[in-house]
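# Observations on the three-dimensional arrangement
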Amino acid sequence: MKGSREVDAPNDIRLIDLAKHYGEVRAVDGVSLEIAQGEFFTLLGPSGSGKTTTLRLIAGFELPDAGCVELAGRDVSRAPAYTRDVNTVFQDYALFPHMTVQQNVEYGLRIKGVAKGERRARAQEALEMVRLPGAGARRPSQLSGGQRQRVALARAIVNRPRVLLLDEPLGALDLKLRLEMQSELKRIQTEVGITFVYVTHDQEEALTMSDRLAVFDQGAVVQVGAPAEVYEHPATAFVAGFVGTSNLLERDGRRFTVRPEKIRILAGEPADGLHVERGRVKDVSYAGPLTRYVVALDAGGELQVVAQNLETTSAEALEDRGREVSVAWRPEHTSAIAGKEEVS
Ligand code: ADP
Ligand code: MG
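Conventions used here
One numbering rule holds for all chains: residues counted from 1, following each sequence as written. Each chain is given a letter, starting from A, and each ligand a number, starting from 1, according to the order in which they appear as written. With pLDDT at 70 or above as the cut-off, local features in this predicted model cover only qualifying residues; side-chain atom pairs require 80 or more to be listed or tallied, and sums for whole chains, interfaces and linings still use all residues. In computing side-chain values, all of the structure's heavy atoms are included and hydrogens and water are not. Here a helix means four or more residues in a row that DSSP labels H or I, a strand means two or more in a row labelled E, and each is numbered from the N terminus. A 1.4 Å probe rolled over the protein chains alone gives each residue an accessible area, and that area as a share of the maximum for its type sets the label: buried under 20%, exposed over 50%, partly exposed in between. Whether two residues are in contact is decided by their heavy atoms: any pair within 4.5 Å suffices. Each accessible area is a Shrake-Rupley estimate made with a 1.4 Å probe; only the visible protein chains count as cover when residues are assessed. Positive charges come from Lys and Arg, negative ones from Asp and Glu, while His and the chain ends are left out of the count. Here the site of a charge means atom NZ of a Lys, CZ of an Arg, CG of an Asp or CD of a Glu. Paired strands, as defined in this entry, are two strands with at least two bridges between them according to DSSP. A helix is expected to reach a length of 1.5 Å times the quantity of its residues less one. We call a residue near a molecule or strand whenever a single non-hydrogen atom of that residue lies within 4 Å of it. Here a polar contact means two N or O atoms within 3.5 Å. Within protein one must be a hydrogen donor candidate and the other an acceptor candidate, and residues neighboring in sequence count only if both atoms are side-chain atoms. Classification convention: Asp, Glu, Lys, Arg as charged; Ala, Val, Leu, Ile, Met, Phe, Trp, Tyr, Cys, Pro as nonpolar; all other residues, Gly among them, as polar. Whenever a helix is involved, its axis is fitted only over the stretch in contact; in every case the axis is a line through C-alpha atoms, and angles between N-to-C directions fall within 0 to 180 degrees. Confidence of the predictor at the level of single residues is given by pLDDT, which spans 0 to 100.

## Here we look at the overall build of the protein
In terms of helices and strands, the protein carries 10 helices and 18 strands. When the backbone C-alpha atoms are referred to their principal axes, the protein occupies close to 75 × 45 × 40 Å. In the protein, buried positions account for 49% of the 344 residues. Residue pairs at least 24 apart in sequence account for 65% of intrachain contacts in the protein once pairs closer than 6 positions are excluded. Surface accessibility of the protein: about 16500 Å² in total, with carbon and sulfur atoms responsible for 49%. Once the 43 positive and 48 negative side-chain charges of the protein are each reduced to a mean point, those two points are 8 Å apart.

Written out as structure tokens, the structure reads:
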């Protein structure tokens, strides 16, 4: 899928060895990325890993110390922000409080000198797209957080930019609203076909929404891939630890990771082809739909194991504490890890 898209669609964004330093801090430290037209591409990483700075370099709010930003094949590294065909949506919405929703959405078009009738129509269309068709006359203060974020989105897409940059746009919303807005954003992106570059530190959000994602660590991209690729085959121990929970084991001098949900605690004889180890259940926590186990392995190391509570009750799960068990997983569910870094 990824391959065909890259052949079919030209790159909308190309970053070549991009660097931005603030004194001693290497905020962005040699980032190279290619983002295809119409792609939902996520920059995922912990706080301070350089995501926002990368976005600001793409938008032109910052100029790079080294490297290159290309938009639709054109080198814009030194071009002023207003000449770039991108719009940005921030976490704090940045709506104008003294304007109505309609005026907020029309703002960019007014600056561009678009005639009143067309402005009205396009703003209305954008408000329908974000499912706020009747809210034009209201002021931002009369809207909920989620509605304000929709207005901010309408204000950006009304300009029909080639690329939309979104910096943790759902960060201020509570969990339920965030989940709802995740699928809304995805729907809108699919409908308008604009390239989205989405910044988040939330791995689940990144896995749910993205066509592809880049994992950032200390100003550098450590892995790029589709969500399942990155999750199932993390390239480094950092990725394994940051994107989901993972177990890091060393056997015969080889280091590898295996995800908690890929491990089963065996009741009877193991099936063929599984890697099996003996251990003791050190800890059990019952969490409704699933139970989490910590198993200390006889051969050294500890495993986090997650099991769905298909048949198990809370009492049964908790009785497993202290028990000698066999644990098993498919060899193909492990990922070899190079280097000597620790899982974070
Ligand atoms: P993220 O968005 O991933 O949290 P940022 O790109 O905001 O990371 O920041 C990366 C690093 O650069 C951090 O260490 C941050 O403190 C530093 N930084 C970002 N902007 C500035 C600035 N204007 N001046 C000095 N340091 C900055
Ligand atoms: Mg940031």
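After that view, the rundown keeps rolling.
## Remarks on the pairing of strand S11 (residues 247–251)
Here S11 shows a buried face lined by Asn247, Leu249 and Arg251 and an unburied face lined by Leu248 and Glu250. The antiparallel pairing of S11 with strand S12 (residues 254–258) creates a hairpin that spans two residues between the two strands, and Asp252 there sits at a positive phi of about 50°.

## Some thoughts on helix H6 (residues 175–192)
The first and last C-alpha atoms of H6 sit 26 Å apart over 18 residues, in line with the 26 Å expected at 1.5 Å per residue. When we look at burial in H6, the residues that qualify are Arg178, Met181, Gln182, Glu184, Leu185, Arg187, Ile188 and Gln189. Turning to H6, the residues buried within the fold contact strand S3 (40–44), helix H4 (116–129), helix H5 (145–157), strand S7 (163–167), strand S8 (195–200) and helix H7 (203–209). Downstream of H6 by one or two residues, Gly193 has phi in the positive range, about 65°.

## Regarding the site of ligand 1
In the region of ligand 1, the neighbouring residues are Tyr22, Val25, Ala27, Pro46, Ser47, Gly48, Ser49, Gly50, Lys51, Thr52 and Thr53. With respect to ligand 1, the side chain of Thr53 contributes an N or O atom lying 2.6 Å from an oxygen atom. The fraction of the free accessible surface of ligand 1 (560 Å²) that becomes covered by protein chains is 60%. The element best represented in the shell around ligand 1 is helix H2 (residues 51–59), accounting for three residues. Here the shell around ligand 1 is composed, by residue class, of four nonpolar, six polar and one charged.

## Let's talk about the sheet that holds strand S9 (residues 212–217)
Strand order in the open sheet made by the six strands is S6-S7-S8-S3-S9-S10, with mixed pairing throughout. Strands with a single pairing partner mark the edges of an open sheet, and in this sheet they are strand S6 (86–89) and strand S10 (220–225). Sheet twist, expressed as the average angle between the axes of neighbouring strands with direction ignored, equals 20°. Pairing of S3 with S9, which is carried by four bridges, proceeds in the parallel orientation. Following the sheet pairing, Phe41 is matched in S9 by Arg212. Contacting S3, S6, S7, S8 and S9, H2 crosses the sheet at an angle of about 150° to S7. Running at roughly 160° to S8, H6 makes contact with S3, S7 and S8 of the sheet.

## A word on unusual backbone geometry
Phi is positive for Asp17, close to 50°, though the residue is something other than glycine. Structurally, the position occupied by Asp17 is in strand S1 (residues 11–22). According to the relative accessible area criterion, Asp17 is partly exposed, its value standing at 49%. Even without being a glycine, Ala72 presents a positive backbone phi close to 50°. Looking at the element boundaries, Ala72 is found in the loop between strand S4 (66–71) and strand S5 (74–75). Given the relative accessible area of 40%, Ala72 is considered partly exposed.

## Describing helix H3 (residues 101–111)
Those residues of H3 that sit buried are Val101, Gln102, Asn104, Val105, Glu106, Gly108 and Leu109. In this fold, the buried residues of H3 make contact with H4 and H5. Remark: Gly113 follows H3 within two positions and exhibits a positive phi of approximately 80°.

## Some thoughts on the confidence of the model for the protein
Looking at the protein, the pLDDT average stands at 91 and 96% of residues meet or exceed 70. Overall, residues 1–7 carries pLDDT values under 50, and its contacts beyond four positions in sequence, including any with other chains, amount to seven contacts.

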